[in-house]
Structure formats: structure tokens, C-alpha cells
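Chains, contacts and geometry: an overview
Below, each chain spelled out in residue letters.
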Number of protein chains: 2
Amino acid sequence: MAHFIKGELTALGAEIELRELGKQEGTNVDLPPIVLGRYGNDPKKRNILVYGHYDVQPALVEDGWDTEPFQLVEKDGKLVGRGSTDDKGPVMGWINSIQAHQKAGIEFPVNLVMCFEGMEEYGSDGLDDLIRAEKDKFFKGVDATCICDNYWLGTSHPVLTYGIRGCSYYSVTVSGPSADLHSGIFGGMVSEPLIDLTHILSKLVSPQGKILIPGIMDMVVPLTPEEEKLYDDIKYSMDDLYAATGSKTNLFDTEKESLMARWRYPTLSLHGVEGAFSAPGAKTVIPAKVSGKFSIRTVPNITPRELDECVSKYVNTVWKELGSKNKMEIKLMHDGMWWLSSPDHWNFEAAKKATKAVWKVDPDFTREGGSIPVTLTFEEELKKNVLLLPMGRGDDGAHSINEKLDLINYINGVKTLSAYLHYAAVQPMAGA
Amino acid sequence: MAHFIKGELTALGAEIELRELGKQEGTNVDLPPIVLGRYGNDPKKRNILVYGHYDVQPALVEDGWDTEPFQLVEKDGKLVGRGSTDDKGPVMGWINSIQAHQKAGIEFPVNLVMCFEGMEEYGSDGLDDLIRAEKDKFFKGVDATCICDNYWLGTSHPVLTYGIRGCSYYSVTVSGPSADLHSGIFGGMVSEPLIDLTHILSKLVSPQGKILIPGIMDMVVPLTPEEEKLYDDIKYSMDDLYAATGSKTNLFDTEKESLMARWRYPTLSLHGVEGAFSAPGAKTVIPAKVSGKFSIRTVPNITPRELDECVSKYVNTVWKELGSKNKMEIKLMHDGMWWLSSPDHWNFEAAKKATKAVWKVDPDFTREGGSIPVTLTFEEELKKNVLLLPMGRGDDGAHSINEKLDLINYINGVKTLSAYLHYAAVQPMAGA
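Residues numbered from 1 in each chain as written. Chains lettered and ligands numbered in written order. Predicted model: local features only at pLDDT ≥ 70, side-chain atom pairs only at ≥ 80, totals over all residues. Heavy atoms only, no water.

The name an unreviewed UniProt entry gives chain A is Peptidase M20 dimerisation domain-containing protein, with Lipomyces starkeyi NRRL Y-11557 as the organism.

1. Looking at the domain arrangement of chain A
Residues and elements named next belong to chain A. Worth spelling out the cut-off: Domain start and stop points were drawn from an automatic or database domain assignment. Only heavy atoms enter the contact rule, under which two residues are in contact if any of them lie within 4.5 Å. By definition, the buried area sums, over both parts, the 1.4 Å-probe accessible area that each loses when the two are put together. For this document, the term salt bridge refers to a Lys or Arg side-chain nitrogen within 4 Å of an Asp or Glu carboxyl oxygen. In the analysis that follows, any N or O atom pair within 3.5 Å is treated as a polar contact, provided that within protein one partner can donate a hydrogen and the other can accept it, and provided that, for residues neighboring in sequence, both atoms belong to side chains. All amino acids are sorted into three groups, where Ala, Val, Leu, Ile, Met, Phe, Trp, Tyr, Cys and Pro are nonpolar, Asp, Glu, Lys and Arg are charged, and the leftover types, Gly among them, are polar.
By domain assignment, chain A separates into domain 1 (2-165 + 338-426) and domain 2 (166-220 + 265-335). Taking only C-alpha atoms, the centre of domain 1 and the centre of domain 2 are 34 Å apart. Contact residues are listed per partner, giving 10 residues for domain 1 and 13 residues for domain 2. Between domain 1 and domain 2 the total buried area reaches about 860 Å² when both faces are included, carbon and sulfur atoms providing 57% of it. Summed over the three residues of domain 1 that lose the most area to domain 2, namely Y122, R165 and W338, the buried surface amounts to 67% of that side. Applying the counting rule to domain 1 against domain 2 returns zero salt bridges. Linking domain 1 with domain 2 are four residue pairs in polar contact (both at pLDDT 80 or more). Looking at the side of domain 1 that touches domain 2, its residues break down into four nonpolar, four polar and two charged.

2. Observations concerning the pairing of strand β2 (residues 34-39) of chain A
Residues and elements named next belong to chain A. The line we're drawing: Categorising residues by exposure relies on relative accessible area from a 1.4 Å probe, with only protein chains included: less than 20% of the type maximum marks a residue as buried, more than 50% marks it as exposed, and the intermediate range marks it as partly exposed. Helix numbers and strand numbers start at the N terminus; a helix is a DSSP run of H or I with at least 4 residues, a strand a run of E with at least 2. For two strands to pair, DSSP has to find at least two bridges joining them.
For β2, the tally of buried residues reaches six of six residues, placing the bulk of the element in the interior. Going residue by residue along β2, you find I34, L36 and R38 tucked away on one face and V35, G37 and Y39 tucked away on the opposite face as well. Bridge count between strand β1 (residues 15-19) and β2: five bridges; the pairing is antiparallel. Paired with L18 across the bridge in β2 is V35.

3. Looking at the sheet that holds strand β18 (residues 404-406) of chain B
Residue and element names in this part refer to chain B. As a reminder, the rule being used: Where helices are involved, their axes are fitted lines through C-alpha atoms of the stretch in contact, as for all axes, and angles between N-to-C directions lie from 0 to 180°.
Strands sit in the order β4-β5-β18 across an open sheet of three strands; the sheet is antiparallel. The strands lining the two open edges of the sheet, one partner per strand, are β4 (73-75) and β18. Between one strand and the next, the sheet's axes are offset by a mean angle of 30°, whatever the strand orientation. Looking at chain direction, β4 and strand β5 (residues 78-80) are connected through three bridges and run antiparallel. Across the sheet, the residue bridging to K75 is K78, located in β5.

4. A short note on the packing of aromatic side chains
Test applied: Two aromatic rings from Phe, Tyr or Trp, using only the six-membered ring of Trp, form a pair when their centres are within 6.5 Å; if the ring planes differ by under 30 degrees the pair is stacked, by over 60 it is edge-to-face, and anything between is tilted.
Summed over the entire model, instances satisfying the criterion amount to 16 aromatic pairs over all chains. Between A:F138 and A:F139, the aromatic rings sit 5.1 Å apart at their centres with planes inclined by 80°, giving edge-to-face as the arrangement. Each member of the pair A:F138 and A:F139 is classed as buried. Between the aromatic rings of B:Y51 and B:F378, the centroid separation amounts to 5.9 Å while the plane-to-plane angle is 65°, which identifies the pairing as edge-to-face.

5. Here's the deal with the relation of the copies chain B and chain A
For the record, the criterion: We superpose the copies by least squares over the C-alpha atoms of residues that have a pLDDT of at least 70 in both of them.
Turning chain B through 180° and shifting it by 0.0 Å along the axis lays it on chain A, with an RMSD of 0.0 Å. Viewed as a symmetry operation, the transformation between the two copies matches a two-fold axis. Judged by C-alpha distance, B:T198 is the residue of chain B that lies nearest the rotation axis, at 2.9 Å. Both copies share a contact surface, since 100% of the interface residues of chain B are interface residues in chain A too.

6. Concerning the interface of chain B and chain A
In this assembly, 89 residues from chain B lie in contact with 89 residues from chain A. Summed over both partners, the interface of chain B with chain A buries about 7200 Å², with 57% contributed by carbon and sulfur atoms. Our count for the chain B to chain A interface comes out at two salt bridges. In this assembly, chain B and chain A are joined by 50 residue pairs in polar contact (both at pLDDT 80 or more).

7. Considering the UniProt feature "binding site: Mn(2+) 2" (unreviewed entry) in chain A
Residue and element names in this part refer to chain A. Quick note on the threshold: UniProt positions are given in the numbering used here, feature names are shortened, and annotations may be inferred rather than shown by experiment.
According to UniProt, the positions carrying the feature "binding site: Mn(2+) 2" (unreviewed entry) are H53, D86 and D149. Look at the named residues: they lie 97 residues apart in sequence, but the longest C-alpha span between them is just 8.0 Å, so in the fold they bunch up. Relative to the assigned elements, H53 resides in strand β3 (residues 47-53). In contact with H53, other than residues within four places in its own chain, are D86, D87, K88, V91, E117, E120, E121 and D149. Among the structural elements, D149 can be located in the loop between β7 (144-147) and β8 (159-164). Setting aside residues no more than four positions away along its own chain, D149 makes contact with Y51, H53, D86, D87, E120 and I372. At 3.2 Å, the side chain of D149 and the side chain of H53 are in polar contact.

8. Some details on the sheet that holds strand β13 (residues 289-298) of chain A
All names here are of chain A. Spatially, the four strands line up as an open sheet ordered β11-β13-β9-β14, and their pairing is antiparallel. The sheet terminates laterally at β11 (267-274) and β14 (327-336), the two strands that pair on one side only. Each adjacent strand pair in this sheet contributes to an overall mean axis angle of 20°, direction not counted. One ladder, built from 10 bridges, connects strand β9 (residues 166-175) with β13; its direction is antiparallel. Bridge pairing in β13 places Y169 opposite S295.

9. Here's the deal with the nonpolar core
General note: in soluble globular proteins, nonpolar side chains tend to be found buried as a group. For clarity, the threshold we go by: Joining through side-chain atoms within 4.5 Å is the link that ties buried Ala, Val, Leu, Ile, Met, Phe, Trp, Tyr and Cys residues into a set, and such a set is a nonpolar core.
One finds A:L204, A:I213, A:F294, B:L204, B:I213 and B:F294 to be the most contacted residues of the largest nonpolar core, which totals 68 residues. Setting aside chain neighbours within four positions, we find A:F294 in contact with A:S168, A:Y169, A:Y170, A:V172, A:L201, A:L204, A:L268, A:S269, A:L270, A:H271, A:V311 and A:I330. With 65 residues, the next largest nonpolar core counts A:L181, B:C146, B:W359 and B:Y420 among its residues.

So, in C-alpha cells, the structure goes:
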């Protein structure tokens with residue numbers, strides 16, 4: 001993918017470097033390179049940094065896809081395939097924007113600084129270090145950053161995003177026997193790792209979504225009446241949620257509570273179990289070593305370190321209470337901080353005008369439940385405003401089967417990205 | 001495998017039929033045929049029925065095998081490969097016994113009636129029906145049955161087995177959204193099936209192995225002093241358990257308690273979760289539909305039907321208490337009854353003499369924690385004694401990685417099977 005992007009952009013006249021990052025920690029596997037690019041070097045123009053990622057979530061036809069996930073197909077006005085909306089589509093959007101300007105014979109309005117990585121779905125390994133190392137070199141002179149890697153809240157109204165949750169991803173591993181055992185022969189004689197693990201996982205969060213780990217909710221910034229008011233005008237209905245999830249499995253009955261649960265409160269999700277029997281059918285095995293995976297989405301003012309202390313302390317306490325002879329290890333696999341910006345900045349103003357010009361409506365200003373930790377790194381290291389300008393819709397199915405990007409969102413998306421650059425080139429520099 | 005066995009036995013002069021069983025229930029998949037065979041038709045000889053199975057548990061190198069699981073290798077005096085001990089090895093043992101008699105020019109002492117199936121690891125689909133249908137036809141005249149499909153209790157002392165536990169295998173499925181969701185976007189807004197499932201599973205059994213489902217322990221036959229005394233002489237030590245599991249994760253501190261937990265008490269094991277994230281790495285998914293797999297090993301006088309009522313009622317009660325908007329289904333995937341015989345029968349006496357002749361020691365009389373439901377069906381339908389005469393050792397790793405059968409157990413095992421047939425041919429017909 002990195003080489004493909006390099007090829008496309010080089011053909012358009014951009015200067016591209018593939019920055020190697022060494023091995024993934026604890027492995028002998030090369031990290032995928034970061035694509036660093038620059039299109040235009042005019043000192044009279046503003047420098048706009050755009051970020052995207054070319055890696056995607058895993059996908060198998062057996063997961064339930066209607067089509068081959070790694071073959072992009074156009075179907076009912078939708079581009080269907082893994083990465084269509086998260087985030088290969090938007091990366092292609094920036095490339096198409098350059099192409100469109102060249103074909104239309106219109107001067108590109110800014111110097112485009114590009115950073116496309118390949119480890120976003122696994123915690124952006126190596127990217128933070130690169131940004132820190134390059135802040136006064138490759139990234140020098142950047143005036144504002146635009147990230148196109150999230151989604152509209154619903155399915156019909158464009159949004160600009162000024163806040164995201166952080167994410168701390170954990171594995172809790174329980175191991176006992178040296179190899180899997182036959183449950184007929186050993187069932188009842190030995191302590192089973194999967195039984196222990198199930199007990200631990202069930203004590204992390206209630207079926208109603210309440211986090212059972214003490215200390216986490218205490219770190220959450222209290223809701224003020226002013227903040228609560230912001231939620232009144234958001235164009236979102238419970239029907240959007242029902243449509244996006246294909247179910248009525250909502251934990252809250254109102255739009256406001258649902259959006260707050262997504263944007264301003266932490267949540268804990270269970271993802272799965274590694275090492276246990278996971279295939280169809282009936283296998284009578286006692287798995288020897290099992291890892292439960294869970295993650296916590298974080299919000300102001302939870303810090304990953306304090307969170308980690310709460311999680312570690314609690315899981316160890318639960319473990320001691322189980323009184324098992326097995327071994328347990330709780331491990332932070334990766335973390336990323338939440339981010340909260342101000343939508344008054346000229347960078348947001350440019351995106352607002354672009355949205356209005358293309359979609360004929362004012363965008364909603366939203367926060368995001370998902371995590372793009374690099375947002376915060378760009379803001380903190382480059383000391384410049386970061387804007388999230390999403391291309392896809394809330395029902396695109398990122399990380400799910402049959403991921404899609406509506407064709408109109410792609411076409412109008414490329415137009416919006418392009419218009420944003422034109423407004424960003426001339427917008428008076430104001431705002432926090 | 002069925003065709004391979006047919007080929008081997010036909011070449012030795014046996015009459016072989018591959019009995020087709022139709023489709024697997026609820027699928028369009030052909031069931032593997034049952035191999036029905038007969039070697040010898042002498043009305044003056046006894047008819048001994050032998051049973052084995054040619055199907056095996058799933059196995060992948062990635063599970064942690066040191067060698068390719070479906071390539072038999074000889075290593076340090078062991079035959080290593082999936083099925084070496086469970087149960088392809090023993091099936092080959094019967095074939096080799098015929099072969100050995102032919103090569104040595106010794107008359108085969110009995111008419112050997114053979115039944116080798118291919119669905120044992122999934123509940124012996126179709127076999128019970130076949131036995132019922134053929135009891136007065138193919139199986140007519142059988143004098144006794146010998147099953148070679150279990151293991152010594154430890155690693156050094158041969159055993160004969162007169163009891164086995166039953167097994168009822170369940171799936172409990174929780175489903176909510178129509179497809180997997182991104183935990184960043186939907187985490188906190190929706191009820192997560194895997195959270196619900198984890199709560200259900202954690203309420204089935206304690207980390208100390210206590211079954212939490214009411215009613216099951218009430219069905220267990222109380223322990224009498226006479227029965228307890230039987231456990232005093234069994235050659236088994238906690239070190240055997242430590243060696244077999246490669247750990248000290250024993251639930252009980254004494255041999256007697258451990259063996260009772262394995263032989264005469266029910267146990268509940270958790271096997272895994274289907275539909276959740278099960279690969280290495282960190283995927284931020286909310287799985288849409290997950291199935292937890294668990295099984296209960298049953299003992300006298302638990303009946304599968306009464307057990308099923310207890311399980312179903314309890315899981316439904318737990319489910320209601322969770323108050324989830326998701327859907328839950330508890331399903332019995334397969335069941336098999338326990339079996340308890342008397343070791344005083346001439347069939348056991350023949351096997352005891354054979355063991356003594358080959359291994360130079362008297363066998364221990366044991367029960368088995370695993371389940372071979374067909375044992376009971378043979379006994380009930382044919383009204384003749386069934387004997388379990390194991391070939392492998394307690395640390396063979398059936399259902400686990402690096403499954404093996406010691407070479408000496410194979411060689412002496414074939415000798416024991418052969419000697420058993422010779423004693424069975426002449427043993428006075430006495431015993432319950």
C-alpha cells in the first residue's frame with residue numbers, strides 16, 4: 001500500500017519518502033513505512049498537513065462478507081470493501097483532489113504536506129516518535145492539520161469533529177496446564193484457565209455498560225449545564241442508531257444520553273478470547289492458555305497511566321479473590337489519549353465553509369467515540385490546530401463486515417476536501 | 001479413512017461394508033460411513049465385537065504442535081500425530097492383530113465383528129440408529145464387545161475400565177446488532193452480546209470447579225463406604241496428574257478426591273467462544289453474535305433429559321436477571337449417557353489374563369472421565385457385556401497438541417488385544 005501511494009503521488013509530481021520504522025516491538029517483523037509527502041513548495045502559500053492511514057482491520061469472507069473484502073466493488077451506489085471508508089477511501093480522496101486540480105487546470109491553493117501511516121489500527125506504532133523527531137524538519141511550517149479518518153454522526157448530515165475519546169487496549173491472560181487438555185479426562189481435576197478468565201471478564205463491566213473498575217468514573221469531568229445544552233441541536237435520532245446497528249439494542253432511550261455515552265463518558269468493550277476453541281462445532285477441550293481482550297475508551301480527564309493503575313489493581317484484586325492455582329497476567333497492549341479541541345479556529349471555519357459550499361448545509365459540530373491518538377500528538381507537537389473532517393457516514397461499517405463508502409460521499413467528499421484547502425488558503429487566521 | 005480401512009481389511013480377507021448414514025442433521029454434508037466388517041464365520045467360534053473410530057479432533061500446526069499433526073512421526077519411542085492414541089492407533093491395532101496371526105500362521109481364535117465409525121468426536125451421529133437397526137442382523141450372535149478407545153489412568157500401569165461419564169455439550173448464543181460494530185463508535189450506546197455471554201458463562205461454574213446450576217448435584221448417587229474403599233488400591237499419584245497436565249493446577253490435594261472428581265462426580269468445562277475476536281493482536285470490535293461452548297460430564301443417576309431441564313431453566317433465569325435487550329438461545333448440541341458395568345464378567349476376566357500375560361502385572365480396574373456413549377448403546381441393544389481395554393497412557397494428549405502413543409504401548413497393545421481374543425475364545429461364560 002505504501003508503495004502504491006508513493007507511485008500515485010510521484011506520478012502527480014509530489015515529493016515522496018517512505019520512512020522505515022524498524023521492527024515491531026517484541027517481534028522480528030518490519031513495521032510498514034510511513035508515507036511522507038509534499039505537493040508544492042511555494043513560500044507564499046499556507047502549508048496544510050493532511051493525515052490518513054492505509055492499513056485496515058482484518059477481514060475474511062467467512063466473517064460474513066457478501067463480497068470478497070479485499071476486492072473493491074461498486075454496489076447500489078456504494079463502494080464496498082475493507083478500507084473503503086476506514087481509511088483507504090479518504091487517502092485516495094487527497095490524491096484525487098490533486099489530480100482534479102491538474103485536470104481542471106486550477107492552481108493548487110496550498111502546499112500539501114502529507115503523512116499516511118500503516119499502523120493506525122494497531123496503535124500507530126512509531127508515528128508519535130516520528131512526529132516528535134520531524135516537528136522542526138519535515139513538519140516545519142505547518143499552519144494547520146486536517147485528518148480525514150472518522151464519520152458523520154448519522155447518515156444524512158455532514159459534521160466537523162472537535163473531540164475524540166482515547167483508547168487503552170488490554171489483554172488478560174490466564175494459563176495453567178502446559179497444553180490443552182481433554183475435558184473428559186481432566187475436567188473436574190484441574191483448574192480451568194477459561195473458567196477463571198470468564199470470571200474476571202464478567203467483573204469488568206455490567207450488561208448495562210457500567211464499568212465496574214473503581215476509580216475510572218471519578219476521573220471524568222462533570223457535566224455542566226452549558227455542555228449539556230450543546231447536545232440539544234445535534235441532528236441525530238434513535239432511528240439513526242437503530243439503522244446503524246440493525247437492532248434495538250440501545251442502552252439508553254434518548255438521543256442525548258446515547259451521544260453522551262459515546263462522546264463524554266468512558267466505556268469498556270469486550271472483544272474476544274484468544275487461545276480458546278473458537279470454531280463452529282463441539283470440541284471437548286480445556287484450553288491451556290487463554291487471553292481475553294478488552295478496551296476502555298477514555299475521556300477528559302482520564303490519563304492512560306492513572307487508568308492503567310486502576311485496571312491493574314482491580315484485576316489483580318479480582319484474581320486473588322478467585323483463589324486459582326493458574327497464572328494471570330494483565331497487560332496494556334496499546335493506549336492513546338483523548339483529544340478535545342475548539343471549533344472556533346479558522347481551520348474549522350474553512351471546513352465549515354467548504355461543507356456548506358458542497359453539501360448546501362451547515363455541518364454539525366460533533367465529538368467522536370472512536371480513537372485517533374495521533375490527533376493529539378499533532379496538536380501537541382506542532383502547536384497548530386487539528387480538524388477532523390470526515391468523509392463517510394455513521395453506518396459505513398468500519399471494522400465490521402461489508403464496510404462501505406457511499407459513492408456520493410466519496411465524490412462530494414473529494415470536493416469538500418478540495419474546497420477546504422481553498423478556504424484554508426485565504427481564511428483570516430483567528431480562533432483558539 | 002473409511003476407504004483406507006476397508007482396503008486394509010479386505011486385503012486381509014475380511015468382509016467389509018461401508019454403511020452410508022445420509023446427511024448430517026441441519027446440513028447438506030454427508031456423514032462419514034461406518035465401516036462394518038467381519039473376519040471369520042466359524043459357528044464353533046465366539047463372536048467378539050470390536051469398536052473404534054477413525055475420526056479425530058481438529059488440529060493445526062498453529063495450535064502449537066512440534067510436528068505436522070496429520071503426518072505420523074516416530075520420535076523418542078513415541079508415535080506422534082493426531083489420532084495416534086485417539087483412536088486411529090487402536091483401530092490399526094485390530095488390523096495388525098489379524099495380520100500378525102496370518103504371518104505367524106496361527107488360527108484366529110474368534111470371529112471378529114468390527115464396527116469403526118467416523119463421527120465419535122462429534123457425538124457419534126447415526127451410530128445408535130445403526131446399532132438398533134442391525135442388532136438382530138449384522139450384530140446378531142455377538143457374545144461380547146471390546147472397545148479400545150480410552151487410556152490408562154497413569155503412565156505405567158495397565159487398566160481395564162468398567163465405567164465412563166456421559167457428556168452433554170451446549171452452546172449458548174447471544175446476538176444483538178446485525179453485524180459486528182466498531183467499539184469506538186458504538187461502545188457505550190449498545191448492549192454488547194459478548195458482555196452478556198461472559199456474565200452467563202461466569203455463572204455456570206466456579207473457579208474451584210463447583211457447578212452453580214441447581215439440581216445437578218442432587219441427581220448424583222451418594223458415595224458409600226464400600227465404593228470409597230475401591231479407590232484405596234488404585235495405582236495413581238498426584239505426580240501422575242502433575243506430569244499429565246504439566247502443571248500443579250489440581251483442584252484437589254489427594255488422589256482419592258481427584259479420581260472421584262474424574263469418575264463419579266459431574267463437571268462443567270468451558271471450551272471457548274465462537275464469533276468473537278480470537279486472533280492474536282488487538283481488534284476493536286463489538287462482536288454481533290457470539291456462542292459460548294460448554295459441556296457437562298454426567299454420572300449415575302443424571303439423565304440427559306433432566307440435566308437439560310436444569311440447564312435450560314437456570315440459563316434462562318440468569319438471562320432474565322441480566323436485563324439485556326439482546327437475544328439469547330441455549331442449545332444442546334449433543335449428549336451421551338454415562339455407563340457403569342461390572343468387572344466380574346468373563347469378558348473382563350479374559351482381558352485381565354491377557355494383560356497379565358503381556359504386561360506381567362494385574363490391571364487396575366478403573367472408571368473413565370471421558371465419554372464414549374456408544375458403550376451404553378452396545379450394552380443395552382445387544383444385551384452383552386462391554387469391556388473397555390485401553391491401549392494408550394494417561395499422558396498421551398488426546399484432544400491436545402503433540403498427541404502421541406508410546407511405541408511399547410502400541411506393540412504390547414496389539415499383543416494384549418490378540419491375547420484377549422484368545423482368552424475370550426475359551427473363558428468360561430460367567431459373571432454379571
